[in-house]
Amino acid sequence: MKNPMLSVLSFLLDKIFIFIKLKSNCTSVTDRNGNKYETSLFARGDLLEVPRTLFVHFGIYLGDNRVAHLIPDILPVISHNKTSVKKVVTNKRLIAGVLAKVASVRVDIVQDFAYGGDIIINHMDQSISNKPLSGEEVAQRAEKLVGTTSYSLLWNNCEHFVTYCRYGIPVSLQTDKFCEIVKKIIRDQRSVLISAALGLALTLCMGIGPSTTLPCFLFTFTLWMAS
């Protein structure tokens, strides 16, 4: 059985390799400051990707330097100030949105969507079996979904949004890859032994009581039954 830790390392290295490869093949054009993009390269309905270190952010190009994308954001839920909501989503707003499981499908200019990163065009066409819909239909689907929505890191993220708009099926290749790695770790019986050892050590250090013993037991039992 393949070591799950090696799988995690392979996953991270694969992400870094893709990031470097996509960056070298990037078709976007930026100015000297790196905050302007040649929008003539984009067509309405294109799927845009911005590779980050460990993940990729996705959006649908609507034309006229506008991109629709799903992003975690707490502000639309707690404020009705449209001026504040329209501002670029900060990291604090994003993290709070992830924790509260709320997001927005919003329209931003290309520069704000990319946030200084390189943009890849329609790269997922090579990985999804469904043929892309027409550019106009893709853009219209994205426009209809603009507004506040629920958010899930695994089940309803920005990749689900763009794949639904462009291919008609909400899927996330990043989520699938992550879940496969987690399954391998859970199925590895060594994980059970490690969790049992950590649980025993925690119990001895903090004392034997329901608040410590029960969670450790349940976690170890769950791993054992899943292995």
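Heads up: the structure comes first, above all this text.
To keep things clear, this report deals only with the structure shown in the data block.

About the criteria used
Residues numbered from 1 in each chain as written. Predicted model: local features only at pLDDT ≥ 70, side-chain atom pairs only at ≥ 80, totals over all residues. Heavy atoms only, no water. Helix = DSSP H or I, 4+ residues; strand = E, 2+ residues; numbered from the N terminus. Buried < 20%, exposed > 50% of the residue type's maximum accessible area, 1.4 Å probe, protein only. Contact = heavy atoms within 4.5 Å. Areas by Shrake-Rupley, 256 points an atom, 1.4 Å probe, with all protein chains shown as cover. Polar contact = N/O pair within 3.5 Å; in protein donor to acceptor, adjacent residues only side chain to side chain.

Moving on: the overall build of the chain. Regarding its fold elements, the chain presents 10 helices and six strands. Counting the 227 residues in the chain, one finds 37% classified as buried. For the chain, the share of sequence-separated contacts (at least 6 apart) that also reach a separation of at least 24 residues comes to 68%. For the chain, the exposed area adds up to about 13600 Å²; of that, 63% sits on carbon and sulfur atoms.

The next thing to look at is the environment of D64. With respect to the secondary-structure elements, D64 resides in the loop between strand 2 (56-63) and strand 3 (66-72). Separated by 24 residues in sequence, D64 and S40 have C-alpha atoms that sit 9.4 Å apart.

By the element assignment, E49 lies in strand 1 (residues 47-51). Separated by 3.3 Å, the side chain of E49 and the backbone nitrogen of M124 make a polar contact.

Take unusual backbone geometry next. With a phi angle near 55°, Y115 is a residue other than glycine that sits in the positive phi range. You can see Y115 is positioned in the loop between helix 5 (110-114) and strand 5 (120-121). You can call Y115 exposed: its relative accessible area is 58%. At N122, a position not held by glycine, the phi torsion is positive, near 55°. Looking at the element boundaries, N122 is found in the loop between strand 5 and helix 6 (135-144).

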